[in-house]
Amino acid sequence: MKIVHVAVGVLIDQHQRVLVALRNENAHQGGLWEFPGGKCEAGEQVSDALRREFFEEIGIEISQDVPLCNIRHDYGDKQVWLEVRRILSYTGEATGKEGQAIRWQPLGTLDATQFPAANKIIIDRIQLSDRIAITGTAQNHSEFLQRFDQLLQMGLPTVHLRQGHFSDQEFLSLVRECKQRCLGVPVDLILSTSISLFEEQPTQGLHVSSRILETLTRRPVAQEYRFSASCHCLAQLQHAQKMGANYAFLSPVAKTLSHPQQTPLGWQSFTRLASQVDVPVYALGGMTAADINTAQTYGAPGIAAISAFWEAEQAAN
């Protein structure tokens, strides 16, 4: 069966809404919403095809786009290869130039059942946080909770609660208290700890170190939980993907105060490694909120950091 090669564009505005279009009822997967794009012509580069399709169908001229993900899907009656790109800058105003309905839809309201099945991976990818805060150290239990509360007040969508130097019992106690603080707060609390401790006090997900990752032979948590891992090389990224990770950290991208002796990867090496796996890869190590756009330019969903968020309130005071 011939594989249909399609260029797909994800355009997100400043209000965290994404542009979607309704497929013609008579088309394949008709009546469903999709991310705009179209077939690549023979010998045509993906970026060129995307720019042509967006201008012809939506009236938008794309100035800059970067890879987001690649998807191969078999519908039974058709096989597709979607090369998906994130649009970073453009000119023009979106219009359904071929009579198709279009809309700007809030990211959090995207429902995969209203899209062709191949689009689920895109939805999962763009609904990931663009920043992940990782808890750091504190002088005592009380200070830790105070600084955790400050993270919640910053409105961060995802927080990794790292065990660090805490004993197992101390950590479990902190988990219980942090879970209470998260009630009614729109935040995903991920535990960076061992599998056994996560099973005692499960939250929205588990993050494992590269050391634990390398011992795994299967996904350590059920699909209802998020699973992520720290990686430092291509082999670890590939293993994280094999184990069904929802995302991974790759570090260190830049120099860090905590590990000044380590040679940073730099952005070129980061994107070279991250582009060889399908799992979303966050940039970690020396990152600040100012690096989010750069990280996305190099193919990451965003950044993960300790000091940029954990130390932020202290630095402000």
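Everything numeric in this text was worked out from a predicted model, so none of it was measured.

## Here's the deal with the overall build of the chain
Thinking step 1. Broken down by element type, the chain carries 11 helices and 15 strands.
Thinking step 2. A globule of 317 residues ought to have a C-alpha radius of gyration of about 20 Å, and the chain, at 21 Å, matches this closely.
Thinking step 3. By its C-alpha atoms, the chain is 60 × 45 × 40 Å across when sized along the principal axes.
Thinking step 4. Here the chain holds 317 residues, and 47% of them are scored as buried.
Thinking step 5. Of the contacts formed within the chain by residues at least 6 apart in sequence, a portion of 59% connects residues at least 24 apart.

## A closer look at the confidence of the model for the chain
Thinking step 1. Predicted confidence across the chain gives a mean pLDDT of 92, with 97% of residues reaching 70 or more.
Thinking step 2. Long-range and interchain partners of residues 313-317, a stretch whose pLDDT sits below 50, account for three contacts in this model, where long-range means more than four residues apart.

## Digging into the environment of K78
Thinking step 1. Position of K78 among the secondary structure elements: in the loop between strand 5 (61-74) and strand 6 (79-91).
Thinking step 2. With 52 residues separating them in the primary sequence, K78 and D130 have C-alpha atoms 33 Å apart.

## Some remarks on the sheet that holds strand 3 (residues 33-34)
Thinking step 1. If you trace the three strands from one edge of the open sheet to the other, you get 3-2-7, paired in antiparallel fashion. If you trace the sheet from one side to the other, it starts and ends with strand 3 and strand 7 (102-106), each paired once.

## As for the nonpolar core
In globular proteins that are soluble, nonpolar side chains generally tend to be buried together.
Thinking step 1. With 54 residues, the main nonpolar core has F144, L161, L237, F270, V281 and I303 as its most contacted residues.
Thinking step 2. Here the element with the most residues in this core is helix 4 (residues 168-182); it accounts for six residues.
Thinking step 3. Setting aside residues no more than four positions away along its own chain, L237 makes contact with C231, A248, L250, L273, A274, V277, V279 and V281.
Thinking step 4. Counting 21 residues, the second-largest nonpolar core is a separate cluster that includes V6, V18, F35 and F115.

## A closer look at the environment of Y247
Thinking step 1. Relative to the helices and strands, Y247 is located in strand 13 (residues 247-250).
Thinking step 2. With a relative accessible area of 1%, Y247 lands in the buried category.
Thinking step 3. Taking the C-alpha atoms as reference, Y247 lies 13 Å from C69; in sequence the two are 178 residues apart.
Thinking step 4. With residues near it in sequence (within four places) discarded, Y247 still touches L128, I132, T158, H160, I190, R226, F227, S228, A229, V279, P280 and Y282.
Thinking step 5. Reaching out from Y247, the side chain makes a polar contact with the side chain of H160 at a distance of 2.8 Å.

## Regarding the pairing of strand 2 (residues 17-22)
Thinking step 1. Direction of pairing for strand 2 relative to strand 7: antiparallel, over a ladder of five bridges. For R17, the partnering residue across the bridge sits in strand 7 and is P106.
Thinking step 2. Here strand 2 runs beside strand 3; their pairing, made up of two bridges, is antiparallel. Paired with L22 across the strands is W33, a residue of strand 3.

## Quick word on the sheet that holds strand 4 (residues 37-39)
Thinking step 1. The sheet built from four strands is open, its strands ordered 4-1-6-5 with mixed pairing. Two strands lie at the open edges of the sheet, namely strand 4 and strand 5, each paired on one side alone. Shown here is a sheet whose adjacent strand axes are inclined to one another by a mean of 20°, direction ignored.

## Observations concerning helix 8 (residues 266-274)
Thinking step 1. For helix 8, the complete set of buried residues consists of W267, F270, L273 and A274. The arc that holds the buried residues of helix 8, viewed along the axis, is 130°, so those residues lie on one side.
Thinking step 2. Buried residues belonging to helix 8 abut helix 7 (234-242), strand 13, strand 14 (281-284) and helix 9 (292-297).

## Topic: the pairing of strand 13
Thinking step 1. The alternating pattern of strand 13 places Y247 and F249 and A248 and L250 on opposite faces, both of which are buried.
Thinking step 2. You can see the chain leave strand 12 (residues 226-231), run along helix 7 and come back into strand 13, and the turn it takes is right-handed.
Thinking step 3. Bridge count for strand 13 against strand 14 is three bridges, and the pairing is parallel. Residue pairing for strand 14: F249 is matched across the bridge by Y282.

## Digging into the packing of aromatic side chains
Thinking step 1. Taken as a whole, this structure holds nine aromatic pairs when the rule is applied.
Thinking step 2. Ring plane angle 90° and centroid distance 5.4 Å describe the contact between F144 and F166, whose orientation is recorded as edge-to-face. Linking F144 in helix 3 (residues 141-153) with F166 in the loop between strand 9 (158-162) and helix 4, this pair joins segments that are 22 residues apart in sequence. Residue F144 shares its accessibility class with F166, and that shared class is buried.
Thinking step 3. Ring centres of F198 and Y225 lie 5.3 Å apart, and the angle between their planes is 90°; on these two criteria the pair is classed as edge-to-face. With F198 in helix 5 (residues 195-200) and Y225 in the loop between helix 6 (210-213) and strand 12, this residue pair connects regions lying 27 residues apart in the sequence.
Thinking step 4. Since its relative accessible area comes to 23%, Y225 is described here as partly exposed.
Thinking step 5. Members of the aromatic cluster, joined through ring pairs, are F144, F166 and W310.
Thinking step 6. Above the ring of W81, the side-chain terminus of R72 is found at 4.4 Å from the ring centroid.
Thinking step 7. The ring of W33 has R103 sitting right over it, with the charged end atom 3.9 Å from the ring centre.

The rules behind the values
Residues numbered from 1 in each chain as written. Predicted model: local features only at pLDDT ≥ 70, side-chain atom pairs only at ≥ 80, totals over all residues. Heavy atoms only, no water. Helix = DSSP H or I, 4+ residues; strand = E, 2+ residues; numbered from the N terminus. Rg over C-alpha atoms; globule rule 2.2 N^0.38 Å. Buried < 20%, exposed > 50% of the residue type's maximum accessible area, 1.4 Å probe, protein only. Contact = heavy atoms within 4.5 Å. pLDDT = per-residue confidence, 0-100. Pairing = 2+ DSSP bridges. Core = buried A, V, L, I, M, F, W, Y, C linked by side-chain atoms within 4.5 Å. Polar contact = N/O pair within 3.5 Å; in protein donor to acceptor, adjacent residues only side chain to side chain. Axes fitted to C-alpha atoms, helices over the stretch in contact; angles between N-to-C directions. Arc of directions from axis to C-beta. Right-handed = clockwise from strand over helix to strand, strands pointing away. Phe/Tyr/Trp six-rings, centres within 6.5 Å; stacked < 30°, edge-to-face > 60°. Lys NZ or Arg CZ within 6 Å of the ring centre and 35° of its normal.

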